[in-house]
Amino acid sequence: MNRKPEDFRRIVVKIGSALLVDARAGRLKRDWLETVAEDLAALARGGRDVLVVSSGSIALGRNVLGLPKGPLLLEQSQASAAVGQIALARAWSEVLGGRGLTAGQILLTLSDTEERRRYLNARATINTLLALKAVPVINENDTVATAEIRYGDNDRLAARVASMMGADLLVLLSDIDGLYTAPPQKDPNARFIPVVERVTPEIEGMAGTVGSELSKGGMVTKIEAGRIATTAGTTMVIASGHKLHPLAAITAGDRCTWFLADAKPGTARKNWISGHLETRGLIAIDAGAVRALRAGKSLLPAGVKRVEGTFQRGDAIRVLGPAGEEIARGLVAYDAVDAVRIIGRNSSDIESILGYAGRPEMMHRDDMVIAGE
Ligand code: GLU
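Residues numbered from 1 in each chain as written. Predicted model: local features only at pLDDT ≥ 70, side-chain atom pairs only at ≥ 80, totals over all residues. Heavy atoms only, no water.

What follows concerns helix 7 (residues 154-164). Helix 7 sits mainly inside the fold: 8 of its 11 residues count as buried. Turning to helix 7, its buried residues are Asn 154, Asp 155, Leu 157, Ala 158, Ala 159, Val 161, Ala 162 and Met 164. Where helix 7 begins, one side-chain oxygen reaches toward the backbone nitrogen of Asp 155, 3.2 Å away; that side chain belongs to Asp 153. (Buried < 20%, exposed > 50% of the residue type's maximum accessible area, 1.4 Å probe, protein only. Helix = DSSP H or I, 4+ residues; strand = E, 2+ residues; numbered from the N terminus. Polar contact = N/O pair within 3.5 Å; in protein donor to acceptor, adjacent residues only side chain to side chain.)

Written out as structure tokens, the structure reads:
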């Protein structure tokens, strides 16, 4: 079957440093980047949501700072990222802007995708950008991420972003065109693998060791990204970026490796929510809100009758109907103190009641699992 990016609805494209930055000159490969932007713009015009995870800040900045070749100390990487990220963001803003697209920079640390509370914030911002037809351009916030709280590679970061955003496709543009049974530079008998149905230990064993000097990734983190993405319901493809218009090349049928999604996007997240045995409180809602929830809507403060518990924003709580029956479970958008204050109120009054503009919903549809669903 010939799969192509156009078949998907929300697409995260990860671009490695080795593709973006000319290692010898330490400069951005602008001509190439223009063709990537062209491909992204074509997808956006076709109504797809596109997100970019772009590496390159360290590779760009180290040259400007005159740091020597070879491995950097963590603080040198951080200083390089501080310098390089400016150039990187500007380049994206220009190449996308040249095609009528607005770029929005998002810098994430590990805790933004791993801690549910911060996760809600990051996801809301990225969703707002997408709703406004802007293209989120994402990188790790390397300047503040210390060794323990660092992804260190954008392959896994991109996979986390894809799962967080319910993307159905993750494209890893790489300096290799896909997965081989062994690293092809070392083993002449290495065979190409066009489709990975499941990330098994055997697949993991094909990775060999890490790649070039510029990219932290290599095949190990790409396969790990494949595991993260596919279990979250995101299909992933590893394709070569060593050509102009690398996304159009996938559509044209160039060789690449597809990792097939295990489940529908969002399913893993819903499993995570419904698997939460420990809830921190409850919200009782009226019959109208029960109907709205069952019809696939979010829970608004207007339909809430009572709040119990001492939960924080992002905690799992139970949602009960008028007879005390469990209607749903999910992650609540307000802490208990604020939730009580907006019971029964209109979402448009939230800001004047709480003094800040919170979310219009008490619990977003995507953060909720309906009982029996
Ligand atoms: N975040 C790093 C950078 O922008 C890249 C990490 C990677 O190569 O995967 O330089």
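Additional details are given in the paragraphs that follow.
What follows deals with helix 3 (residues 57-64). Within helix 3, 6 of the 8 residues are buried, leaving the element largely enclosed by the surrounding structure. Among the residues of helix 3, those classed as buried are Ser 57, Ile 58, Ala 59, Leu 60, Gly 61 and Arg 62. Buried residues along helix 3 sit in contact with helix 1 (17-20), strand 2 (21-22), strand 3 (27-28), helix 4 (74-97) and strand 6 (134-140). Just beyond helix 3, the residue with positive phi is Gly 66, at close to 70°. (Contact = heavy atoms within 4.5 Å.)

Moving on, we get to the environment of Gly 97. Its location among the elements puts Gly 97 in helix 4. For Gly 97, a relative accessible area of 39% translates into the label partly exposed. Note: C-alpha distance between Gly 97 and Gly 166 (69 residues apart in sequence) is 25 Å.

This part is about the pattern of salt bridges. A complete count under the given rule lists 21 salt bridges for this structure. With a closest N to O distance of 3.0 Å, Glu 94 and Arg 90 form a salt bridge. Remark: Arg 90 and Glu 94 occur in helix 4; sequence separation between them is 4 residues, near one turn of the helix. Relative accessible area serves as the criterion here: at 56%, Arg 90 is assigned to the exposed category. Each of Arg 30, Glu 34, Glu 38, Arg 90, Glu 94 and Arg 99 takes part in one network of salt bridges that share partners. (Salt bridge = Lys/Arg side-chain N within 4 Å of Asp/Glu carboxyl O.)

The next thing to look at is the packing of aromatic side chains. Counted by the stated rule, this structure contains 2 aromatic pairs. For the pair Phe 8 and Trp 258, a centre-to-centre distance of 6.2 Å together with 15° between the ring planes defines the contact as stacked. Here Phe 8, found in the segment before strand 1 (10-15), pairs with Trp 258, found in strand 12 (residues 256-259); they are 250 residues apart in sequence, far enough to count as distant. Given a relative accessible area of 11%, Phe 8 falls into the buried group. (Phe/Tyr/Trp six-rings, centres within 6.5 Å; stacked < 30°, edge-to-face > 60°.)

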